[in-house]
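Observations on the three-dimensional arrangement
Spelled out from the first residue to the last, the chains are:
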Amino acid sequence: MAQLCEEFYEEAERERERTPDVGIVMGSDSDLPAMRGASEALTALGFAEVTDYDDPPEERFTFESYVVSAHRTPDLLYAYAETAEARGLDVIIAGAGGKSADLPNMTASIAFPVPVIGVPVQEKSVDSVIGMPTGAPLTAVDAGKSYNAALSAAQVLSREHDELRDRLVALHDDRRDGVADVSRRLHELGTEKFD
């Protein structure tokens, strides 16, 4: 634990040409099934995952992923969030489950002014994630919607990067056209034959 905390602080001090744009954190590896949508959306938009800071991927846009528990490892949470801006993160997606899903909230408080998008991993986590007081902003998506959280993160970045904006629009158009194709097939086949 101490070593990982130290690595975050070292990365915050290091001069690097490229840094991850988006950070994905979750309270437990059991949250990964719900949080996987975030990496899927970013990958669909051409992002690559950074797994080694010394050998980053060639892609222009990147993200990183960590398990950081607000309750079991508060020192790790603090190190991650406190160094987020200095390590080059532009947006953080934070997901947690349970009735006291504090990871998104605490990450937003510590990483401020880096925007944080909270993902309630379970329906019972919604109130905890959206319950931030005035002056402590946190954007949130519906329970389990980490894919949408990643799209929102990409929207934030697209305001400064036309290439990413074009990718977002293309992905949106593909999804819209897909619905039209399904609609036409349903109509032409009828409900009995539609699979």
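As shown above, the structure is provided for reference.
Our focus in this paragraph is the pairing of strand β5 (residues 116-120). Taken across its 5 residues, β5 has 5 buried, putting it largely inside the fold. Covered by surrounding structure in β5 are V116, G118 and P120 together with I117 and V119, the residues of both alternating faces. With 5 bridges joining them, strand β4 (residues 91-96) and β5 adopt parallel strand pairing. The residue of β5 that forms the bridge with A94 is G118.

It is worth spelling out the side chain of D21 at this point. Its place among the elements puts D21 in the loop between α1 (2-13) and β1 (22-26). Not counting the four nearest positions on each side in its chain, D21 is found in contact with F47, R60, F61, T62, G88, L89, D90, V91 and L157.

Enumeration over the complete set of coordinates arrives at 4 aromatic pairs. Summarising the aromatic geometry, the rings of F8 and Y80 are spaced 5.2 Å apart at their centres and angled 80° between planes, so their arrangement reads as edge-to-face. A residue pair is termed long-range when its members are at least 10 positions apart, and F8 in helix α1 and Y80 in helix α3 (residues 74-83) qualify at 72 residues. On the basis of relative accessibility, which here comes to 1%, the residue F8 falls in the buried class. For the pair F47 and F61, a centre-to-centre distance of 5.5 Å together with 40° between the ring planes defines the contact as tilted. Of this pair, F47 sits in the loop between α2 (32-44) and β2 (48-49) while F61 sits in the loop between β2 and β3 (62-67), and the two are 14 residues apart along the sequence. Across the pair, exposure class does not vary: F47 and F61 are buried alike. Sitting above the plane of the Y53 ring, R16 keeps its charged end 4.8 Å from the centroid. Across the ring face of Y80, the terminal group of R87 is positioned such that the distance to the ring centre comes to 4.5 Å.

A word on the packing of α2 against helix α6 (residues 146-158). Running from N to C, α2 and α6 cross one another at 40°; their axes reach a closest spacing of 6 Å. In terms of crossing hand, the pair formed by α2 and α6 is right-handed. Within the contact between the two elements, α2 uses A34, M35, R36, G37, A38, E40, A41 and L42 and α6 uses S146, Y147, A150 and L151. Of the residues assigned to the contact of α2 with α6, the class counts are 8 nonpolar, 2 polar and 2 charged.

The first and last C-alpha atoms of helix α7 (residues 162-193) sit 43 Å apart over 32 residues, in line with the 46 Å expected at 1.5 Å per residue. In α7, a bend of some 70° at H187 exceeds every other bend along the element. Turning to α7, the residues buried within the fold contact α2 and α6.

Quick look at the pattern of salt bridges now. Tallied over the full model, the rule gives 8 salt bridges. Across the salt bridge formed by R60 and D21, the nearest N and O atoms sit 3.6 Å from each other. Remark: D21 occurs in the loop between α1 and β1 and R60 occurs in the loop between β2 and β3; sequence separation between them is 39 residues. Using a relative accessible area of 41% as the deciding quantity, one classes R60 as partly exposed. With relative accessibility at 5%, the residue D21 sits in the buried group. Two residues, E163 and R167, come together in a salt bridge whose shortest N-O distance is 2.3 Å. Remark: R167 and E163 occur in helix α7; sequence separation between them is 4 residues, near one turn of the helix. Residue class for E163 comes out partly exposed when judged on its relative accessible area of 42%. On the basis of relative accessibility, which here comes to 24%, the residue R167 falls in the partly exposed class. Salt bridges here are not isolated pairs; linked through shared partners, they connect E11, R14, R16 and D54.

Cut-offs and rules
Residues numbered from 1 in each chain as written. Predicted model: local features only at pLDDT ≥ 70, side-chain atom pairs only at ≥ 80, totals over all residues. Heavy atoms only, no water. Buried < 20%, exposed > 50% of the residue type's maximum accessible area, 1.4 Å probe, protein only. Helix = DSSP H or I, 4+ residues; strand = E, 2+ residues; numbered from the N terminus. Pairing = 2+ DSSP bridges. Contact = heavy atoms within 4.5 Å. Phe/Tyr/Trp six-rings, centres within 6.5 Å; stacked < 30°, edge-to-face > 60°. Lys NZ or Arg CZ within 6 Å of the ring centre and 35° of its normal. Axes fitted to C-alpha atoms, helices over the stretch in contact; angles between N-to-C directions. Left-handed = near helix turned anticlockwise from the far one by under 90°. Nonpolar A, V, L, I, M, F, W, Y, C, P; charged D, E, K, R; others polar. Expected span 1.5 Å × (residues − 1). Bend = angle between axes of the 7 residues up to and from the residue. Salt bridge = Lys/Arg side-chain N within 4 Å of Asp/Glu carboxyl O.

Note that every value here comes from positions in space, so none of it alone points to a role or purpose.
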